[in-house]
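The chain contents come next:
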Amino acid sequence: MRAVVLVGGFGTRLQPLTLSTPKPMLPVGHVPIIERLVANLARSGVSDVTFALGFKPEPFIEAFPTGECAGVALHYAVEPSPLDTAGAIRFAAEAAGIDDTFVVVNGDVLTDLDVAQLVRFHRDRGAEATLHLIPVADPSSFGVVGLDADGRVERFVEKPAPGTAPSNLVNAGTYILEPSVLQRIPSGEKVSIERVTFPAIAASRGLFGMATDDYWIDTGQPELYLQANLDVLAGLRRNDRSVAVHADASVDGTAVIDHALIGPGAIVGKDAVVRRSVVLPGAVIGDRATVTDSMVMGRIGNDAVAAACVIGASGVVAAGEDVQAERRPQPIAK
Ligand code: GDD
Ligand code: MG
């Protein structure tokens, strides 16, 4: 089976990390999100993946120079301008010549879902489109469905105002689609699958949803990106594990690394303390610095304290500074 993975978004909520690295190329447990995602598709029988790319295609092409990832053949469809989710799916599916039932995945979602199970559910119901669903406490930042007893989606509402969601079951970002869905999307136009196409398929009674309790996380927000890293370190993923300190990191023997990941090429100095944090490839944590609940690509000076910070590749916390909940450099305003 073939799949389209949507990787063309701007990753705005993860700035400044995404100013230098596109969101799906950020590591979770030292492996790019996209590689963990494709490995899960491969386990479910997907043989070919097309990346629907817009923003910054080069890092993907450079990261997988052989056109292969986790044993799966990769293809690239680069949009001339961002086409939003439905426009991107049509563009990529046409570029790949898809003419049979196919899989679509949001490129920032990590899950242990068995996609083959979603395909069986889709076929059993004769669906035009089937969504993977996950129950969450607050559905307001997701697509939310109202379902009937057979799993048919009666309503699909993207990011409903708090208190107005039809249920707590949300779109988990993995879809099985019939090629007929592509005909519903105007060619070359900017169209949202969540706001336009799914409500239209639901209105013609062809949209279904299958809820599971598999591990699932959307890594698109800083706290959740951090959580995804701590989860793989804690062994919460069915097929994935991670060590805390990468073999190519340089960590002084006196430093404390507590529920934290230190990436390749990163340096952690004498008596530094790093807790519940991700120190990304190439970052520098100075002597006696304390880093908690943070993501760091840049430099933390000697004796500095950084709590709940997101420090991009050119971000610096100066020696002796004490900062909380800062993003450096400042994200670019939208
Ligand atoms: N190629 C391309 N072109 N990809 C795009 C574009 C585009 O113009 N716009 C967004 N994407 C990609 C993003 O890179 C991401 O992988 C995916 O589409 C979804 O975009 P997000 O920006 O991450 O959306 P979201 O997290 O707010 O909401 C989506 O995911 C939720 C689950 O995590 C929606 O699908 C919700 O309905 C869903 O609940
Ligand atoms: Mg997302």
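Residues numbered from 1 in each chain as written. Chains lettered and ligands numbered in written order. Predicted model: local features only at pLDDT ≥ 70, side-chain atom pairs only at ≥ 80, totals over all residues. Heavy atoms only, no water.

**Notes on the site of ligand 1**
- If you check the shell around ligand 1, you find 26 residues, and the closest are E79, E158, N171, E194 and D218.
- Contacts to ligand 1 include N106, whose side-chain N or O atom sits 3.1 Å from an oxygen atom.
- One of the backbone N or O atoms of G107 is found 2.9 Å from an oxygen atom in ligand 1.
- About the coverage of ligand 1: the protein hides 90% of its 750 Å² of free accessible area.
- Structurally, ligand 1 is housed in the largest pocket. (Near = heavy atom within 4 Å. Polar contact = N/O pair within 3.5 Å; in protein donor to acceptor, adjacent residues only side chain to side chain. Areas by Shrake-Rupley, 256 points an atom, 1.4 Å probe, with all protein chains shown as cover. 1 Å grid on protein atoms, 1.4 Å probe; cavity = no way out; pocket = protein on both sides within 12 Å on 5 of 7 lines; lining within 4 Å. Sits in = over half its atoms within 2 Å of the grid points.)

**Brief notes about the packing of aromatic side chains**
- One pass over the structure, following the stated rule, counts six aromatic pairs.
- Ring geometry for F51 and F60: centres 5.9 Å apart, planes at 65 degrees, overall edge-to-face. Across this residue pair, the class does not change: F51 and F60 are buried.
- The cationic tip of R125 hangs over the ring face of F121; the distance from NZ or CZ to the ring centre is 3.8 Å. (Phe/Tyr/Trp six-rings, centres within 6.5 Å; stacked < 30°, edge-to-face > 60°. Buried < 20%, exposed > 50% of the residue type's maximum accessible area, 1.4 Å probe, protein only. Lys NZ or Arg CZ within 6 Å of the ring centre and 35° of its normal.)

**Focus: the side chain of R152**
- Mapped onto the elements, R152 comes out in the loop between β10 (143-147) and β11 (153-158).
- Every residue in contact with R152, bar those within four places of it in the chain, is listed here: G146, L147, R205, L207 and F208. (Helix = DSSP H or I, 4+ residues; strand = E, 2+ residues; numbered from the N terminus. Contact = heavy atoms within 4.5 Å.)

**A closer look at the packing of helix α3 (residues 84-96) against helix α6 (residues 193-203)**
- Across the interface, α3 lies against α6 with an axial gap of 7 Å and an inter-helix angle of 70 degrees. Relative to α6, α3 is oriented roughly perpendicular. Of α6, the residues touching α3 (which contributes T85, A86 and I89) are I193, E194 and T197.
- When the residues that make up the contact of α3 with α6 are grouped by side-chain class, the tally is three nonpolar, two polar and one charged. (Axes fitted to C-alpha atoms, helices over the stretch in contact; angles between N-to-C directions. Parallel < 35°, antiparallel > 145°, perpendicular 65-115°, else oblique. Nonpolar A, V, L, I, M, F, W, Y, C, P; charged D, E, K, R; others polar.)

**Let's talk about the sheet that holds strand β24 (residues 299-300)**
- On the basis of which strands lie adjacent, the open sheet formed by five strands has the order β15-β18-β21-β24-β27 and parallel pairing. One side of each edge strand has no neighbouring strand; the edge strands of this open sheet are β15 (250-251) and β27 (316-317).
- Looking at chain direction, β15 and strand β18 (residues 267-268) are connected through two bridges and run parallel. Bridging across to β18, S250 finds its partner in I267. (Pairing = 2+ DSSP bridges.)

**Regarding the domain arrangement of the chain**
- Annotation of the chain at the domain level lists domain 1 (2-233) and domain 2 (250-333).
- On a C-alpha basis, the centres of domain 1 and domain 2 stand 32 Å from each other.
- At the junction of the two partners, domain 1 supplies 18 residues and domain 2 supplies 24 residues.
- The junction of domain 1 with domain 2 conceals about 1600 Å² of combined surface from both sides, 77% of it contributed by carbon and sulfur atoms.
- Summed over the three residues of domain 1 that lose the most area to domain 2, namely P16, L17 and L226, the buried surface amounts to 32% of that side.
- For the interface between domain 1 and domain 2, the tally reads zero salt bridges.
- Linking domain 1 with domain 2 are two residue pairs in polar contact (both at pLDDT 80 or more).
- Looking at the side of domain 1 that touches domain 2 element by element, the count peaks at six residues for helix α7 (residues 222-233).
- A per-class count over the side of domain 1 that touches domain 2 returns 11 nonpolar, six polar and one charged. (Domains from an automatic or database assignment. Buried area = accessible area lost by both parts, 1.4 Å probe. Salt bridge = Lys/Arg side-chain N within 4 Å of Asp/Glu carboxyl O.)

**Focus: the side chain of N106**
- Mapped onto the secondary structure, N106 falls in strand β7 (residues 102-106).
- Once residues lying within four places of it in the same chain are set aside, the contact partners of N106 are L6, L37, G173 and Y175.

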